[in-house]
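# Residue-level structure breakdown
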Amino acid sequence: MNIPSFVRRTAVAILIVGAGHAVPVFAAALAHSGQSNPQQKSPQTQPQSRTQKLANPLNDLLDEAQHDIDNNQFETALTPLQKFLSEKPDVAWAHFQLAYAYTALKRPDEARAEYERATTLDPKMSEAFLNLGILLTEKDPAAAVPPLRRAVDLLPAQSRPRFLLGYAQEHSGDIPAAVDSYEAALRLDPRDVETIIHLGNLYVGLKRYPDAEMKFRAALELQPKSPQALLGLAQTLDVQKKPEAAAAYRDYLAVQPDAPGARSRVIHLLLEQKQYAAALAELDRDDAGKSPTLDSIRSRADIQIAQKKWDDSITTLGKAIALAPNDAELHGGLGRVFLQKRDFASAEKEIKTALQMDRNNLVYWKDLRSTYYLSGNYSATLATQDLIAKVETPGAGEWFIRALCYDKLNQPKPALEAYEKFLELDQDRNPDQVWQAQQRSKVLRRMLDQKR
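Description of the structure in this document. Remember, predicted model here, so these are calculated numbers, not experimental data.

Take the packing of helix α18 (residues 344-357) against helix α19 (residues 362-374) next. One way to put it is that α18 packs onto α19 with a least axis distance of 10 Å and a crossing angle of 160°. If you check the angle between α18 and α19, you find them roughly antiparallel. For the crossing formed where α18 meets α19, the hand is left-handed. Residue-level contacts link F344, A347, E348, I351, K352, A354 and L355 of α18 to Y364, W365, D367, L368, T371, Y372 and L374 of α19. Across the contact of α18 with α19, the residue classes tally to 10 nonpolar, one polar and three charged.

All right, on to the nonpolar core then. Ranked by internal contacts, the top residues of the largest apolar core, which has 78 residues, are F84, Y115, L148 and Y182. Ranked by residues supplied to this core, first place goes to helix α3 (residues 92-104) with nine residues. Residues contacting Y115, with those up to four places away along its chain left out, are F6, F96, A99, Y100, T103, A128, N131, L132 and L135.

Turning our eyes to something else, we now look at helix α8 (residues 175-188). Here α8 contains 14 residues, and its C-alpha end-to-end distance of 20 Å stays within 8% of the 20 Å for a straight helix at 1.5 Å per residue. Contacts made by the buried residues of α8 are with α7 (160-171), α9 (193-205) and α10 (209-222).

What follows covers α9. Relative to the 18 Å expected for 13 residues at 1.5 Å per residue, α9 spans 19 Å between its end C-alpha atoms, a close match to the ideal helical length. Residues V193, T195, I196, I197, H198, L199, G200, L202 and Y203 constitute the buried set of α9. The opening residue of α9 is D192, an N-cap whose side-chain oxygen sits 3.2 Å from the backbone nitrogen of E194. Note on α9: the residue one or two positions beyond its end, K207, has a positive phi of about 60°.

Moving on: the pattern of salt bridges. As a working rule, side chains carrying opposite charge can pair if their charged atoms are close by. The final tally for this structure, using the stated rule, is 29 salt bridges. With a closest N to O distance of 2.7 Å, R107 and E110 form a salt bridge. Overall, the relative accessible area of 26% leaves R107 in the partly exposed class. Residue classification places E110 among the partly exposed positions, given a relative accessible area of 33%.

At a minimum axis separation of 9 Å, helix α4 (residues 108-121) and helix α5 (residues 126-137) run at an interaxial angle of 155°. Judged by the inter-axis angle, α4 sits roughly antiparallel to α5. Two packed elements cross with a definite hand, and for α4 against α5 that hand is left-handed. On α5, the residues that touch P108, A111, R112, Y115, E116, A118 and T119 of α4 are A128, F129, N131, L132, L135 and L136. Across the contact of α4 with α5, the residue classes break down as nine nonpolar, two polar and two charged.

Time to look at the packing of aromatic side chains. For the coordinates displayed, the defined rule picks out seven aromatic pairs. Considering the side-chain rings of F163 and Y167, the 6.3 Å spacing of their centres and the 35° angle between planes classify their relative orientation as tilted. Taken as a pair, F163 and Y167 lie in helix α7 at a separation of four residues, close to a single helical turn. For the pair F163 and Y167, one class covers both residues: buried. Ring geometry for F400 and Y419: centres 6.3 Å apart, planes at 65°, overall edge-to-face. With F400 in helix α21 (residues 396-408) and Y419 in helix α22 (residues 412-426), this pair connects stretches of sequence that are 19 residues apart. Taken individually, F400 and Y419 each receive the classification buried, so the pair is uniform in this respect. One Lys or Arg, R150, reaches over the ring of F129 and ends 5.8 Å from the middle of that ring. Sitting over the face of the ring of W399, R402 holds its NZ or CZ atom 5.7 Å from the ring centroid.

Cut-offs applied
- Residue numbers here run from 1 along each chain, matching the order of that chain's written sequence.
- Local features in a predicted model are, by the rule used here, given only for residues with pLDDT of at least 70; side-chain atom pairs are given and counted only at 80 or more, and totals for whole chains, interfaces and linings are based on all residues.
- Excluded from the side-chain calculations are hydrogens and water; all other atoms, namely the structure's heavy atoms, are used.
- Whenever a helix is involved, its axis is fitted only over the stretch in contact; in every case the axis is a line through C-alpha atoms, and angles between N-to-C directions fall within 0 to 180 degrees.
- Each helix is a run of DSSP H or I of at least 4 residues and each strand a run of E of at least 2, with the numbering of both proceeding from the N terminus.
- What sets the label is the angle itself: under 35 degrees gives roughly parallel, over 145 gives roughly antiparallel, 65 to 115 gives roughly perpendicular, and the rest give oblique.
- What makes a crossing left-handed is the near helix being turned counterclockwise from the far one by less than a right angle; a clockwise turn instead makes it right-handed.
- Only heavy atoms matter for contacts: two residues are in contact if any of them lie within 4.5 Å across the pair.
- The nonpolar class holds Ala, Val, Leu, Ile, Met, Phe, Trp, Tyr, Cys and Pro. Asp, Glu, Lys and Arg form the charged class, and all remaining residues, Gly among them, are polar.
- Among the buried residues, those of types Ala, Val, Leu, Ile, Met, Phe, Trp, Tyr and Cys that are joined through side-chain atoms within 4.5 Å form a nonpolar core.
- Exposure is judged per residue with a 1.4 Å probe applied to protein chains only, and the accessible area is read against the type maximum: over 50% gives exposed, under 20% gives buried, and values in between give partly exposed.
- To estimate how far a helix should extend, the number of its residues minus one is multiplied by 1.5 Å.
- Each polar contact in these results corresponds to two N or O atoms within 3.5 Å; when the atoms are within protein, one needs to be able to donate a hydrogen and the other to accept it, and residues that are neighboring in sequence are counted only if both atoms are side-chain atoms.
- Salt bridges are defined by distance alone: a side-chain nitrogen of Lys or Arg within 4 Å of a carboxyl oxygen of Asp or Glu.
- Stacked, edge-to-face and tilted labels apply to pairs of Phe, Tyr and Trp rings (six-membered ring for Trp) whose centres lie within 6.5 Å, assigned for plane angles under 30 degrees, over 60, and everything in between, in that order.
- A ring has a charge above it when a Lys NZ or an Arg CZ is no more than 6 Å from the ring centre and no more than 35 degrees off the ring normal.

Structure follows, in structure tokens:
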């Protein structure tokens, strides 16, 4: 979000006949509110019928500066303002105008000093406190909080100062205070979409997902095409695992078709819901008229694997590997597909390639173990089991495989020990394997007794 624009203060110079000289008095209004209060007058102001405009060099300097500012000639405005302040250093409005010019010229240090001088001279100049807070928010949001809090005190009926305070608090890390400020702003202006979205995002960070969802839906009632609200709603539904999350992402993509990651998330959600045809249609829409990206090819392979179209997925993964030959995940995935097709030689080759790139990945080691076991290479299966056991404590399933391997290799003693360990750990959770282990254990005990 961009830092909010700065408030301008316009002024009308009125010269009052005083004790031998003319004194400028100013009636001011907040430009951003579109409101003015002509009834507010300086204690020195005389009734209009008794005032008289007189030529005054100081007043001319202010008129000149105002004209320059109105025409965005901020550099030119500095000279008359500085000349005026050299004569009248205690006029808060002139310091404010000078600060505004410095701000436009991207001279923040000088602008800050002038805004602070204006607030010192006129502790009720709300515009100066607002602009000082806005100026500080970008680089030092914590320092922006006190002047913005003062602006809130001076403008209790306006929502915008509360939003600006919340924004500074949010970016200084005081999230609870930011929530309070945004909520207070919405009580004054419930239709402020920007505040609604900011509050929704903070609710997400606080894991208040139902509250966040409600805010994003409220924002979309006011601005149905708001990208921020559409994305916020989609992500909030996603984290709550609500089935309508995919549709929400689609709504977001309708207004932000090039948003990175959103379409792949839609495809992923459709895959989770086993809506394979819809996922493929989404992918085809994304690929239309252009060369598919690596991410797109990956997603297509995921869909084909989910549909158990093994041959198609092998072709697709081959295309992905051609684009990213050093991607361990692609080689591991291809190896797993070959394993499904019981092409053990190809599976072993791809999984070993993945392990060369990512040697500590236990998933690949387990896939290699499965490949060895299903291909009848029981010695290699046991050796791989030993490597896995150094990293991860074997569970009941691992002990069952180990027992089967020893059994196949005609090693009754370690086979019996492994079956017994499996039975100890499994606790009858897998009745078929338990029955098999019990029967083999009886046979192995008899074999060992006969050898004694």
